[in-house]
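Structure assessment
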Amino acid sequence: MQMQVVNYRPINKGSLQGFLDIFIPSLNWTITGCGLFMKENRKWVSMPSRSKKDPETGMITYSDVITMSKEDKSKFSNAALSAYKEYKPDTFAQPLAPD
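Here is a short report on the structure shown in this document. (Residues numbered from 1 in each chain as written. Predicted model: local features only at pLDDT ≥ 70, side-chain atom pairs only at ≥ 80, totals over all residues. Heavy atoms only, no water.)

Attention shifts here to the overall build of the protein. Each helix and strand in the protein was counted, giving 1 helix and 6 strands. Overall, the protein shows an N-to-C arrangement of helices and strands of β-β-β-β-β-β-α. The principal-axis extent of the C-alpha atoms belonging to the protein is close to 45 × 35 × 25 Å. A burial count over the protein gives 30% of its 99 residues as buried. Considering only residue pairs separated by 6 or more positions, the protein has 30% of its internal contacts joining residues 24 or more positions apart. Mean positive and mean negative side-chain charge positions of the protein (13 and 10 charges, respectively) differ by 1 Å. (Helix = DSSP H or I, 4+ residues; strand = E, 2+ residues; numbered from the N terminus. Buried < 20%, exposed > 50% of the residue type's maximum accessible area, 1.4 Å probe, protein only. Contact = heavy atoms within 4.5 Å. Lys, Arg positive; Asp, Glu negative; His and termini not counted. Charge placed at Lys NZ, Arg CZ, Asp CG, Glu CD.)

Structure, rendered in structure tokens:
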């Protein structure tokens, strides 16, 4: 699947490095707010998610806005990482942001 990163907003909060807006030409879709994560030399992109605070425990959990199989999540992440490398070719050559 062809993708293009059309915007990047750096965050550098723990393993979250920032948010990507990804355009998929074959569908004419732009997915806004995909998370770019890096931890221990592992990199991945997640679909946009929403946070929810448990009223009893106070813990915050996240759920994907778009649900897909684990295999499709991996395909999406790999395609999005390739698109990000084209958008910012030198990014992965730099050290990871500290946690």
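This part covers the packing of aromatic side chains. Taken as a whole, this structure holds 2 aromatic pairs when the rule is applied. With 5.2 Å between their ring centres and 55° between their planes, Tyr8 and Tyr84 make a pair best called tilted. Of this pair, Tyr8 sits in strand S1 (residues 4-13) while Tyr84 sits in helix H1 (residues 70-87), and the two are 76 residues apart along the sequence. Of the residues examined, Tyr84 reaches a relative accessible area of 1% and is grouped as buried. (Phe/Tyr/Trp six-rings, centres within 6.5 Å; stacked < 30°, edge-to-face > 60°.)

Moving on to the environment of Ile60. The topology assignment puts Ile60 in strand S6 (residues 60-64). On the basis of relative accessible area, Ile60 is assigned to the partly exposed category, the value being 49%. On a C-alpha basis, the gap between Ile60 and Arg50 in space is 10.0 Å, while along the polypeptide they are 10 residues apart.

One open sheet holds the 4 strands; their spatial order is S1-S2-S3-S4, and the pairing between them is antiparallel. The two strands at the open ends of the sheet, each matched to only one other strand, are S1 and strand S4 (42-46). Strand-to-strand twist in this sheet, taken as the mean axis angle between neighbours without regard to direction, amounts to 25°. One ladder, built from 7 bridges, connects S1 with strand S2 (residues 16-24); its direction is antiparallel. Note that in S2 the partner of Asn7 across the bridge is Asp21. (Pairing = 2+ DSSP bridges. Axes fitted to C-alpha atoms, helices over the stretch in contact; angles between N-to-C directions.)

Formed by 18 residues in total, the largest nonpolar core has its most connected members in Met3, Leu20, Ile22, Cys34, Leu36, Val45 and Phe76. Of all elements in the fold, only S1, S2, strand S3 (29-39) and H1 reach the threshold of two or more residues within this core. If one sorts the elements of this core by residue count, H1 sits on top with 6 residues. Contact partners of Val45, with chain neighbours within four places excluded, come to Leu20, Ile22, Cys34, Gly35, Leu36, Phe76, Ser77, Ala80 and Leu81. (Core = buried A, V, L, I, M, F, W, Y, C linked by side-chain atoms within 4.5 Å.)

With 18 residues, H1 extends 25 Å between its outermost C-alpha atoms, agreeing within 8% with the 26 Å of an ideal straight helix rising 1.5 Å per residue. At its buried positions, H1 is contacted by S1, S2, S3 and S4. (Expected span 1.5 Å × (residues − 1).)

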